[in-house]
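A look at the structure
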Amino acid sequence: MTVNLSEQRPQVARPVAETVVPAPAPVISRARRIVVEVAKFGVVGGSGVAVNILVFNFLLHVLTWAPMTATVLASIVAMGTNYLGFRFFAYRDRASRTRQQIVLFFGFSGIGVLMESVLFYVGYHGLDMNGPLGSNVAKALSIVLASAFRFLVYRTWVFQHEAKQSAGAR
């Protein structure tokens, strides 16, 4: 017989219960994907806004072009840089580039340029935002409002997921 004088009980190896982590709910997973998508859209869109504003200011205030010409041309230059950013960064996980995708992108972007130009015209001429600061505020507001439209149509129709694209082809 053995007597334990240290009053410590011998350690017995016990099986460790496995921790089961439930998979995130579909709502949380979907929300996370949308947040990432909006963030990527924001990065590309932000760089497009920078290009748009820089080209606009160069044309309007340095070369002294007409305001509407400057805003339309700046928007078109930004449209080209945005396509590259969306295709190769924000929506690179989506369906590969197709003729339809390019046509849709530039078609919807053209509508966005038209919306942006109308909004800029209202601000610049209608609200007298025609000084250096006012023209930039009018330009920025027109970009922001037209970008909401662009986000919805790009994610819905232009840069579709493979599953949606093949389902729509049936």
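Residues numbered from 1 in each chain as written. Predicted model: local features only at pLDDT ≥ 70, side-chain atom pairs only at ≥ 80, totals over all residues. Heavy atoms only, no water.

A look at the packing of aromatic side chains
Counted under the stated rule, the structure contains 13 aromatic pairs. Connected via pairs of aromatic rings, a cluster forms that spans F41, Y83, F86, F105, F106, F151 and Y154. One cation-aromatic arrangement involves K40 over F89; the distance from NZ or CZ to the ring centre is 5.7 Å. (Phe/Tyr/Trp six-rings, centres within 6.5 Å; stacked < 30°, edge-to-face > 60°. Lys NZ or Arg CZ within 6 Å of the ring centre and 35° of its normal.)

Some words on the pattern of salt bridges
Summed over all chains, the structure comprises two salt bridges. Between E116 and R150 there is a salt bridge, with its nearest N and O atoms 3.0 Å apart. Within this pair, whereas E116 is found in helix α3 (residues 99–126), its partner R150 is found in helix α4 (residues 132–158), the two being separated by 34 residues in sequence. Shared partners join several salt bridges into a network, and the residues in it are E116, K139 and R150. (Salt bridge = Lys/Arg side-chain N within 4 Å of Asp/Glu carboxyl O. Helix = DSSP H or I, 4+ residues; strand = E, 2+ residues; numbered from the N terminus.)

Remarks on unusual backbone geometry
Positioned with a positive phi, T64 is a non-glycine residue whose angle comes to about 55°. When you line up the elements, T64 lands in the loop between α1 (26–62) and α2 (67–90). Residue classification places T64 among the exposed residues on the basis of a relative accessible area of 61%. Not every positive phi belongs to a glycine, and D128 is a case in point at roughly 60°. Examined against the element boundaries, D128 turns out to sit in the loop between α3 and α4. (Buried < 20%, exposed > 50% of the residue type's maximum accessible area, 1.4 Å probe, protein only.)

Describing the environment of A140
You can see A140 is positioned in helix α4. Under the relative-accessibility criterion, A140 is labelled partly exposed at 34%. Sequence separation of A140 and V49 is 91 residues, and the distance between their C-alpha atoms is 8.0 Å.

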